[in-house]
Amino acid sequence: MSSANVRAFPIDRQVFLVREVAAKLETLHGDTATSFWKAKASELLDHIVGMGRDRASAVDEVRRFFFAVQNEMHMLAAEAG
């Protein structure tokens, strides 16, 4: 029997999650937004590491998620403005 590596779908490509976090951040400002983001990033990091990824790879994945959320927020702003 051979072992296989299974990789979860990257969080930065989980459109629903990206949109959900972007929408929440759109309603928050200042320290509240910062606190929300730090809590969400920590939650995602713990989840990814818990699935067996090494911490450095998990940090990179959370970073890509952050950029995806920023892009979504820019698109929301462009649509609104």
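The rules behind these values
- Each chain carries its own residue numbering, running from 1 in the written order of its sequence.
- A pLDDT threshold of at least 70 governs which residues receive local features in this predicted model, and a stricter bar of 80 or more applies before side-chain atom pairs are shown or counted, although totals over entire chains, interfaces and linings include all residues.
- Side-chain metrics in this entry use all non-hydrogen atoms of the structure; hydrogen atoms and water are not considered.
- For this analysis, a salt bridge means a side-chain nitrogen from Lys or Arg found within 4 Å of a carboxyl oxygen belonging to Asp or Glu.
- Strands are runs of DSSP state E lasting at least 2 residues, helices are runs of H or I lasting at least 4, and numbering of each runs from the N terminus.
- For every residue, the accessible area obtained with a 1.4 Å probe (protein chains only) is divided by the maximum for its type, and the residue is called buried under 20%, exposed over 50%, and partly exposed between those limits.
- Every residue is assigned a pLDDT by the predictor, reflecting its confidence on a scale from 0 to 100.
- Each aromatic pair joins two rings of Phe, Tyr and Trp (for Trp, the six-membered one) with centres within 6.5 Å, and gets the label stacked for planes under 30 degrees apart, edge-to-face for over 60, and tilted for any other angle.
- The length a helix should cover is 1.5 Å for every residue beyond the first.
- Think of it as the arc spanned by the lines of direction from the helix axis to the C-beta atoms.
- Contacts were defined at the residue level, with two residues in contact if any of their heavy atoms lie within 4.5 Å.

For the coordinates displayed, the defined rule picks out 5 salt bridges. Its salt-bridge partner being Glu43, residue Lys40 comes within 3.4 Å of it at the nearest N-O pair. Of this pair, Lys40 and Glu43 both sit in helix α2 (residues 30–50), separated by 3 residues, roughly a single helical turn. Given the relative accessible area of 14%, Lys40 is considered buried. With a relative accessible area of 47%, Glu43 lands in the partly exposed category. Between Glu61 and Arg53 there is a salt bridge; the shortest N-O distance is 2.5 Å.

Before going further, it helps to spend a moment on the confidence of the model for the chain. Overall, the predicted model of the chain reaches an average pLDDT of 91, with 90% of residues at or above 70. Per-element confidence in the chain is highest for α2, whose mean pLDDT is 97, and lowest for helix α3 (residues 55–80), whose mean pLDDT is 95.

This next bit is on the packing of aromatic side chains. This model, assessed by the stated rule, comprises 3 aromatic pairs. Ring plane angle 55 degrees and centroid distance 5.8 Å describe the contact between Phe66 and Phe67, whose orientation is recorded as tilted. The rings of Trp37, Phe65, Phe66 and Phe67 are connected pair by pair, giving a single aromatic cluster.

Given a rise of 1.5 Å per residue, 21 residues ought to cover 30 Å, and the 30 Å separating the end C-alpha atoms of α2 matches this to within 8%. Taken together, the buried positions of α2 are occupied by Ala33, Trp37, Lys40, Ala41, Leu44, Leu45 and Ile48. Projection of α2 onto a plane perpendicular to its axis shows the buried side chains occupying an angular sector of 135 degrees, all on one side. Of the residues in α2, the exposed ones pointing more than 90 degrees away from the buried face are Asp31, Lys38 and Gly50. In the core, the buried residues of α2 are packed alongside α1 (15–26) and α3. Positive phi appears at Gly52, one or two residues downstream of α2, with a value of about 105 degrees.

This part covers the environment of Ser35. For Ser35, the location among the structural elements is in helix α2. By relative accessible area, Ser35 is classed as partly exposed at 46%. C-alpha of Ser35 to C-alpha of Val69: the two residues are 34 residues apart in sequence and 16 Å apart in space.

Turning next to α1. A rise of 1.5 Å per residue sets the reference length of α1, with its 12 residues, at 16 Å; its end C-alpha atoms lie 16 Å apart and thus fit the reference within 8%. For α1, every residue scored as buried is listed here: Leu17, Val18, Val21, Ala22 and Leu25. Buried residues in α1, looked at end-on, bunch into an arc of 130 degrees, giving them a common side. Structurally, α1 contributes buried residues whose contacts are with α2 and α3.

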